[in-house]
Amino acid sequence: MSYLTIGCRGGPLVVAVAILESMSRPRTPLTRLFTVLLAGLLAGLVLAVAALPGNLLAGFATKAALGAFDDLPAALRTPVTPQRSYLYANDGKTLLTTFYDVNRTDVPLAEIAPVLRQAIVAAEDRRFYSHGGADLRGMARALVANVTGGGTAQGGSTLTMQYVRNVLKTDPTRTAEERQAATEQTVGRKLQEIRYATELEKTLGKDEILNRYLNIAYFGSGAYGVAAASQRYFGKAPADLTLAEAALLAGLVQSPDAYSPIDGDRNAALDRRGYVLDSMVATGAISRAQADQARAEKLTLHPTAQPNGCTATSTADAGFFCDYLRRWWLEQPAFGATAEEREQALRRGGYTVVTSLDPDVQATAASEARKVYPADDKRALPIAAVEPGTGRVLALAVNREYGVGKNQTVNPLVSGGGGVDGYQAGSTFKLFTMLAALESGRTLSTGFDSPSRLTTRFPADGEGACDGKWCPANANPARMDGYRMMWDGFGRSVNTYFVWLEEQVGPAKVVEMAQRLGITFRSRADADFARNNADNWGAFTLGVAATTPLDLANAYATVAAEGMYCAPTPVVSVTAPDGTRVPVGEPSCQRVLSPDVARAATDAARCPVGQQSAYGQCNGSTAGGVDRIVGRPVAGKTGSSELNATETFVGFTPQVAVAGIAANPDDPSDAVGAAVQGEVITAVARTIRTAVDGQPVRDFTAPSRELAGDPQRPAPQPSPSPSPSDQGLPPDLLRWLQNRRG
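All values reported here derive from a predicted model rather than from experimental measurement. In every chain, residue numbers begin from 1 and rise along the written sequence. With the structure being a predicted model, the display of local features is reserved for residues of pLDDT at least 70 and the display and counting of side-chain atom pairs for 80 or more, all residues being used for whole-chain, interface and lining totals. Only hydrogens and water are set aside when side-chain values are computed; all heavy atoms of the structure are taken into account.

Each helix is a run of H or I in the DSSP string that is no shorter than four residues. Each strand is a run of E no shorter than two, and both are numbered from the N terminus. Looking only at helices and strands, the protein chain has 30 helices and 19 strands in total. Within the protein chain, buried positions represent 55% of all 742 residues. Residue-level accessible areas treat just the shown protein chains as cover; the underlying method is Shrake-Rupley with a 1.4 Å probe. Approximately 29900 Å² of the protein chain is accessible, and the part contributed by carbon and sulfur atoms is 50%. For every residue, the accessible area obtained with a 1.4 Å probe (protein chains only) is divided by the maximum for its type, and the residue is called buried under 20%, exposed over 50%, and partly exposed between those limits.

Have a look at this one:
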């Protein structure tokens, strides 16, 4: 229909368009009268032109009036509409939050109620299915109606033209000036709109254009597209809209802010709904009786605010996990070349992200952390859970609330980074010494007569020095001194045994082992020591370097996975709006330990939790209650930093590794005290129990006889008798006190 392309300079269409664009300008009575007369004349001219045969009208068109479809802006050919991204838990159903700059989600036409499609056409473009992109008759009708002031104001733009305008004013690939120009009140802009609309209709079907329009139109109250609008106003999907609801939404697009029943004029919204219903009767979409029934319906809204960002998560304090995911996202090249581009991809790309977060594990970890410290406590218990063999992060919880308000924080207390270096994890680092020793050829039965205090080769001064050398001591000589092997040295947490063992293999190898298993030195002092003086870092085995629960849990998960290190990942899958899978988040694993070395370390790690090694060499523990709580094969290690500034426990089964560190994140000198260790142990053990609930019971594989060695030792010393002051205490408390002395 070439008559739609008329754009001759000074022709009736140009003048008519100019008058339509000027409708919003103030007019005096004289100019209004002149406009009415001119409008009548032009309306007749436009209608006369529209009635001419197409071959005659083609002659009126400017030669360059139209270009090919391929010459249209890319956004019109392949829409790039900003859409919100969704974050789900690992079940793919539990919505954690969404990210968006523009609250929009595209839906196919089949998922939009037919009454809404009919209502939009009736309200905005009754001749939509009969014109070719621009409607001269509609323009003439709108021109006359507007200048005479009769009834509701009408627009001269078709749905296709409105779609063109919406795309061009929101196209993220265009400059701000270009986007602003898409809404300028000029004849040139209107003619360009007509040209683009006509070209689109030559290539795209009417339903495709309608679907695109419905997904980009603004419906007020921050909702772009019918999916967001349906949720925003009625809390339902667009497929489930009633006639009255559809008519209300269709009426909003003409003036979204003014008609919004949430933010604007509720009565105006109802009046506009009535207009749409009348228009639907006029188009034959519904009967008068249906319109009257819908008009009589009371307006019932169910406003639903779409969550946006990590401060709006819906699941058990998942803000810290969300923050970790966002930091991870900003490091993925698949989402852009720069951090800014990746942030835009998250907020505008319309991705569906199935995260690795397990809602049950997260809920348990968060609940247990708050049993130890309330949300407003200056001390914190961050807890992390990781799946061995995949690196998938199942939970990141802490007793704090994620946010910027009172008693809230956005600091990554569980995962580290952003200025958070971590916390000393004490004797949990003895694992790295044991692994380095086993890898160097030593066996689990490597024995040493551990003294109460050991003078080392490492230079030192002040407290803890003996004649200029560092000389660490055992915390409880009665339970720790004497002949020890790796099993009971680890089970009883004997400092002098592990410092001696570290000297044998060299601290540099122990430091390298920790790094191999994913321990990151975020503290500049720790990083410098590891880089420049690792072989003199004698205290490293006692956990003086700062770490995080996530790093620690993942390091122990590597041992649980029999030596397979997997980089931590917060996602299971990421899907683009077109349904394609983005190649990110897949487990990235490599072997960093031989399976036998990992099995040997696990065998010794059965001792601290009150279980027995495959070779029957466990004879003391520091967390014996874990066995009773978890109720299946489990391993782990406690850790107390100097003066009990922090208390740590990390435990694992073949299916999960969980670490928790009690600390004051803002003041390392504020010691949490020894008494809280039992609570930390319980919190971590209960989180493990939730994580493995319903999973098959799996045992650890015993290490080879070669790595076990020949466990010949002097007869074990009996446990010390209770002190007189302990008499009369309950058995469980007495047992805990005896363990603590180790």
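As a further point, take the packing of helix 14 (residues 266-283) against helix 15 (residues 288-296). All axes here are fitted lines through C-alpha atoms, helices being fitted over the stretch that makes contact, and every angle between N-to-C directions spans 0 to 180 degrees. Taken N-terminus to C-terminus, the directions of helix 14 and helix 15 make an angle of 170°; their axes are 9 Å apart at the nearest point. By the angle between their axes, helix 14 is roughly antiparallel relative to helix 15. Listed contacts from helix 15 to R273, G274, L277, D278 and V281 of helix 14 are R288, A291, A294 and R295. Gly counts as polar in this scheme, as do all residues outside two lists: the nonpolar Ala, Val, Leu, Ile, Met, Phe, Trp, Tyr, Cys and Pro, and the charged Asp, Glu, Lys and Arg. Residue classes in the contact of helix 14 with helix 15 are distributed as four nonpolar, one polar and four charged. Roughly parallel means an angle under 35 degrees; roughly antiparallel means over 145; roughly perpendicular covers 65 to 115; every other angle is labelled oblique. Contact criterion: two residues are considered in contact whenever any of their non-hydrogen atoms come within 4.5 Å of each other.

Right, let's get into the environment of A645. Checked against the element boundaries, A645 lands in the loop between strand 17 (635-640) and strand 18 (647-652). Judged by its relative accessible area of 16%, A645 falls in the buried class. When the C-alpha atoms of A645 and Y423 are compared, they prove to be 9.4 Å apart, with 222 residues separating the residues in sequence.

Turning to the state of the cysteines, a few remarks are in order. Cysteine sulfur pairs qualify as disulfides if the two atoms are within 2.5 Å. Evaluated as defined, the whole model comprises four disulfides. The side chain of C310 participates in a disulfide bridge whose partner is C322; the two sulfur atoms lie 2.1 Å from each other. Measuring the twist about the S-S bond at about -75°, one finds the C310-C322 disulfide to be left-handed. One end of the pair, C310, is in the loop between helix 15 and helix 16 (319-329); the other, C322, is in helix 16, and twelve residues separate them in sequence. As far as burial versus exposure is concerned, C310 and C322 are alike and both buried. There is a disulfide in this structure between C466 and C471, and the S-S distance comes to 1.9 Å. One quick way to see it: the torsion about the S-S bond of C466 and C471 is about 80°, and its sign makes the bridge right-handed.

Moving on: the sheet that holds strand 15 (residues 571-575). A pair of strands is treated as paired once DSSP finds two or more bridges between them. Pairing within the open sheet is mixed, and its four strands lie in the order 2-1-3-15. A single partner strand is all that each edge strand has here, and the edge strands are strand 2 (95-99) and strand 15. Taken over all neighbouring pairs, the strand axes of this sheet differ in orientation by 15° on average, direction set aside. By the bridge criterion, four bridges tie strand 3 (residues 352-355) to strand 15 in an arrangement that is antiparallel. Bridged to V353 within strand 15 is V574. Sheet contacts for helix 16: strand 1 (85-88), strand 2, strand 3 and strand 15; angle to strand 3, the most-contacted strand, approximately 120°.

Attention now moves to the pattern of salt bridges. In what follows, salt bridge is the name for a side-chain nitrogen of Lys or Arg lying within 4 Å of a carboxyl oxygen of Asp or Glu. Applying the stated criterion to the full structure yields 29 salt bridges. Close ionic contact of R212 with E208 constitutes a salt bridge, the shortest N to O distance being 2.8 Å. Of this pair, R212 and E208 both sit in helix 10 (residues 206-216), four residues apart, roughly one helical turn. The class for E208 is partly exposed, based on a relative accessible area of 34%. Through salt bridges that share partners, D278, R288, D292 and R295 make up one connected network.

A separate point is the packing of aromatic side chains. Each aromatic pair joins two rings of Phe, Tyr and Trp (for Trp, the six-membered one) with centres within 6.5 Å, and gets the label stacked for planes under 30 degrees apart, edge-to-face for over 60, and tilted for any other angle. Here the structure, examined in full by the defined rule, presents 22 aromatic pairs. Summarising the aromatic geometry, the rings of F458 and W470 are spaced 6.4 Å apart at their centres and angled 50° between planes, so their arrangement reads as tilted. With F458 in the loop between strand 9 (448-450) and strand 10 (465-466) and W470 in strand 11 (residues 469-470), this residue pair connects regions lying twelve residues apart in the sequence. Since its relative accessible area comes to 15%, W470 is described here as buried. What links up through ring pairs into an aromatic cluster is the set F429, F432, F521, F529, W537 and F540. Positioned over the ring face of F128 is K206, at 4.5 Å from the centre of the ring. In this scheme, the term charge over a ring applies when either NZ of a lysine or CZ of an arginine sits within 6 Å of the ring centre and within 35 degrees of the ring normal.

In this section: the environment of T433. With respect to the helices, strands and loops of the structure, T433 is situated in helix 19 (residues 430-439). Look past the residues within four positions of T433 in its chain and what remains in contact with it is F498, L501, E502, V510 and T541.

What follows deals with helix 24 (residues 524-532). By the burial criterion, the buried members of helix 24 are D526, A527 and A530. End-on view of helix 24: buried residues confined to an arc of 100°, all on one side of the axis. More than 90 degrees from the buried face of helix 24, the exposed residues found are R524, A525 and N532. As for helix 24, its buried residues are in contact with helix 23 (507-516) and strand 13 (546-547). To obtain the arc, one takes the directions from the helix axis to the C-beta atoms.

With that settled, the discussion passes to the packing of helix 18 (residues 359-372) against helix 28 (residues 677-692). Contact geometry of helix 18 with helix 28 gives a least axis separation of 9 Å together with a crossing angle of 165°. The angle between the axes of helix 18 and helix 28 places the two elements in the roughly antiparallel class. Where helix 18 crosses over helix 28, the handedness of that crossing is right-handed. Touching D360, V361, T364, A365, E368, K371 and V372 of helix 18 are E679, T682, A683, R686, T687, T690 and A691, all from helix 28. Looking at the contact of helix 18 with helix 28, its residues break down into five nonpolar, four polar and five charged. Should the near helix be turned counterclockwise from the far one by less than a right angle, the crossing is left-handed, whereas a clockwise turn marks it as right-handed.

Looking now at the environment of E503. Mapped onto the elements of the fold, E503 is located in helix 22 (residues 495-505). Leaving out residues up to four positions away in the same chain, E503 has contacts with L454, T456, R457 and F458. A distance of 3.1 Å separates a polar side-chain atom of E503 from the backbone nitrogen of R457. As used in this structure description, the phrase polar contact means that two N or O atoms lie within 3.5 Å; if the pair is within protein, one of them must be able to donate a hydrogen and the other to accept it, and residues adjacent in sequence are counted only when both atoms belong to side chains.

This paragraph deals with helix 11 (residues 225-234). Of all ten residues making up helix 11, nine are buried, and the element is well covered by its neighbours. Turning to helix 11, its buried residues number three or more, namely G225, V226, A227, A228, A229, S230, R232, Y233 and F234. Contact partners of the buried residues in helix 11: helix 5 (114-124), helix 10 and helix 12 (243-252). Of the residues flanking the end of helix 11, it is G235, one or two places downstream, whose phi is positive at about 65°.

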